[in-house]
Amino acid sequence: MSKKIGFIGLGIMGKPMSKNLLKAGYDLTVCDINTAAVAEVVALGAKSAATPKDVAAQTDIVITMLPNSPQVKTVVLGANGVAEGAKPGTIVVDMSSIAPQAAQEVAQALAAKGVKMIDAPVSGGEPKAIDATLSIMVGGDAAVFAECEPILKCMGASVVLVGDVGAGNVTKLANQIVVALNIAAVSEAFVLATKAGVDPEAVFNAIKGGLAGSTVMNAKVPMMLDGNFKPGFRIELHIKDLQNALDTAHALNVATPLTANVMETLQALKCDDMGACDHSAIVRFYEKLAKTEVRRKA
Ligand SMILES: NC(=O)c1ccc[n+]([C@@H]2O[C@H](COP(=O)([O-])OP(=O)(O)OC[C@H]3O[C@@H](n4cnc5c(N)ncnc54)[C@H](O)[C@@H]3O)[C@@H](O)[C@H]2O)c1
């Protein structure tokens, strides 16, 4: 018999991910404080539950897709939380990007109740959530991973077990450092080329197939050329991820100077009311310094 799935957190990512589970034929129960998002997924065949506790009571596997560690702790361990409704054998799959240490703490608290947990953050953003082609990095017990793998494959093209609980989020932090630094490098380089009088679209076409090319460049330079900073992935969420990266690095006695530098760039953009823009708006920071905009020639 196919497992009943609960899904808590129907935001930019969780909504399309939950829709893909419905498409795959799973019995799905959803919950979010945003009632419009719940109604949209219920209209496609999901059931709704009033609280995370109710979701857990009605399902075998509970997926969470929430902003950060505090929300995951509240939804899973707080009053009317998942832990209150879960049975021994329930599996919690947290797909949010949170601090690795928080993932371990939640897993430990659940283990005391006989509830298993894996952390399974994702990379790819809204388009890949819609297409079910996310990259999913999983931390947890191999047997629990094997139980969840077919479900994760309904949402992602790549599903990789990287270690024990927390390792998924360590991998996600590494991913977020690479993405942030890559966008910053692309921004700095393209502002320079534009101010030097070279068409930035021509620069993109000339270098995207070479060593400097990247998935980040292909996704973000067209947005910069269009001046389109609609999220996508919000600057304030990237600040959250880099804060988790800096905290984790410092706790491990690791220095991350480039991450700290881009963190201040993101912070400056947030101070400039761009916290809700896509992280491709990092180019705006460099554009302002050089008084030059990286845009297509009319
Ligand atoms: N947006 C992206 O491109 C992207 C890409 C990869 C990973 N992520 C990560 O995925 C996670 C979710 O991101 P998102 O962009 O979907 O965020 P979002 O803010 O759009 O969605 C979060 C959802 O959680 C709900 N929520 C918050 N607190 C709740 C509570 N107590 N009970 C029930 N629901 C609650 C909100 O109402 C919202 O619908 C984050 O950790 C983010 O860093 C996002």
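The shown structure was predicted, so the numbers you read here are calculated from the model rather than taken from an experiment.

This part takes up the site of the ligand. Around the ligand sit 22 residues, and of these I12, M13, D32, P67 and K240 come closest. Contacts to the ligand include D32, whose side-chain N or O atom sits 2.7 Å from an oxygen atom. Here K240 contributes a side-chain N or O atom positioned 2.8 Å from an oxygen atom of the ligand. Out of a free accessible area of 840 Å², the ligand has 88% covered by protein chains. Of all elements in the fold, only α7 (125-131) and α12 (235-251) reach the threshold of two or more residues within the shell around the ligand. For the shell around the ligand, the residue count by class is 11 nonpolar, 6 polar and 5 charged. Looking at the shell around the ligand, you find at least three residues from each of domain 1 (5-164) and domain 2 (170-290).

Going from P231 to G232, the amide bond is cis rather than trans, its omega being 10°. For G232, the location among the structural elements is in the loop between α11 (215-226) and α12. Even without being glycine, N253 reaches a positive phi, approximately 65°. Tracing the backbone shows N253 in the loop between α12 and α13 (257-271). The backbone phi angle of K291 is positive, close to 50°, even though this residue is not glycine. Take K291: it is sitting in the segment after α14 (282-290).

In this numbering, the UniProt entry assigns the feature "domain: 6-phosphogluconate dehydrogenase NADP-binding" (unreviewed entry) to residues 4-163. Secondary structure within residues 4-163 divides into 42% helix and 24% strand; the distance between the first and last C-alpha atoms comes to 26 Å.

This part is about the UniProt feature "domain: 3-hydroxyisobutyrate dehydrogenase-like NAD-binding" (unreviewed entry) in the protein. Under the UniProt annotation, the feature "domain: 3-hydroxyisobutyrate dehydrogenase-like NAD-binding" (unreviewed entry) is placed at residues 166-286. Along residues 166-286, the helical share is 71% and the strand share 0%, with 35 Å between the first and last C-alpha atoms.

Splitting the protein by domain gives domain 1 (5-164) and domain 2 (170-290). A separation of 28 Å is found between the C-alpha centroids of domain 1 and domain 2. Taken together, the contact between domain 1 and domain 2 spans 13 residues of the former and 12 residues of the latter. Both faces considered, domain 1 and domain 2 share a buried interface measuring about 990 Å² in area, 59% of it formed by carbon and sulfur atoms. Counting every contact that joins domain 1 to domain 2 gives 0 salt bridges.

Moving on, we come to the packing of aromatic side chains. Inspection of every chain in the model, using the stated rule, returns 1 aromatic pair. Between F285 and Y286 the ring centres are 5.5 Å apart and the planes differ by 85°, which places this aromatic pair in the edge-to-face class. Overall, the relative accessible area of 13% leaves Y286 in the buried class.

Turning next to the pairing of strand β5 (residues 91-94). Side-chain alternation along β5 places I91 and V93 on one buried face and V92 and D94 on a second face that is also buried. Pairing of strand β4 (residues 61-64) with β5, which is carried by 4 bridges, proceeds in the parallel orientation. By the bridge assignment for β5, I61 is matched with I91. Pairing geometry for β5 and strand β6 (residues 116-119), over 4 bridges, is parallel. If you follow V93 over to β6, its bridge partner there is I118. Crossover β5 to β6 through helix α6 (residues 100-111) is right-handed.

Rules used throughout
Residues numbered from 1 in each chain as written. Predicted model: local features only at pLDDT ≥ 70, side-chain atom pairs only at ≥ 80, totals over all residues. Heavy atoms only, no water. Near = heavy atom within 4 Å. Polar contact = N/O pair within 3.5 Å; in protein donor to acceptor, adjacent residues only side chain to side chain. Areas by Shrake-Rupley, 256 points an atom, 1.4 Å probe, with all protein chains shown as cover. Helix = DSSP H or I, 4+ residues; strand = E, 2+ residues; numbered from the N terminus. Nonpolar A, V, L, I, M, F, W, Y, C, P; charged D, E, K, R; others polar. Domains from an automatic or database assignment. UniProt positions renumbered as here; feature names shortened; annotations may be inferred. Contact = heavy atoms within 4.5 Å. Buried area = accessible area lost by both parts, 1.4 Å probe. Salt bridge = Lys/Arg side-chain N within 4 Å of Asp/Glu carboxyl O. Phe/Tyr/Trp six-rings, centres within 6.5 Å; stacked < 30°, edge-to-face > 60°. Buried < 20%, exposed > 50% of the residue type's maximum accessible area, 1.4 Å probe, protein only. Pairing = 2+ DSSP bridges. Right-handed = clockwise from strand over helix to strand, strands pointing away.

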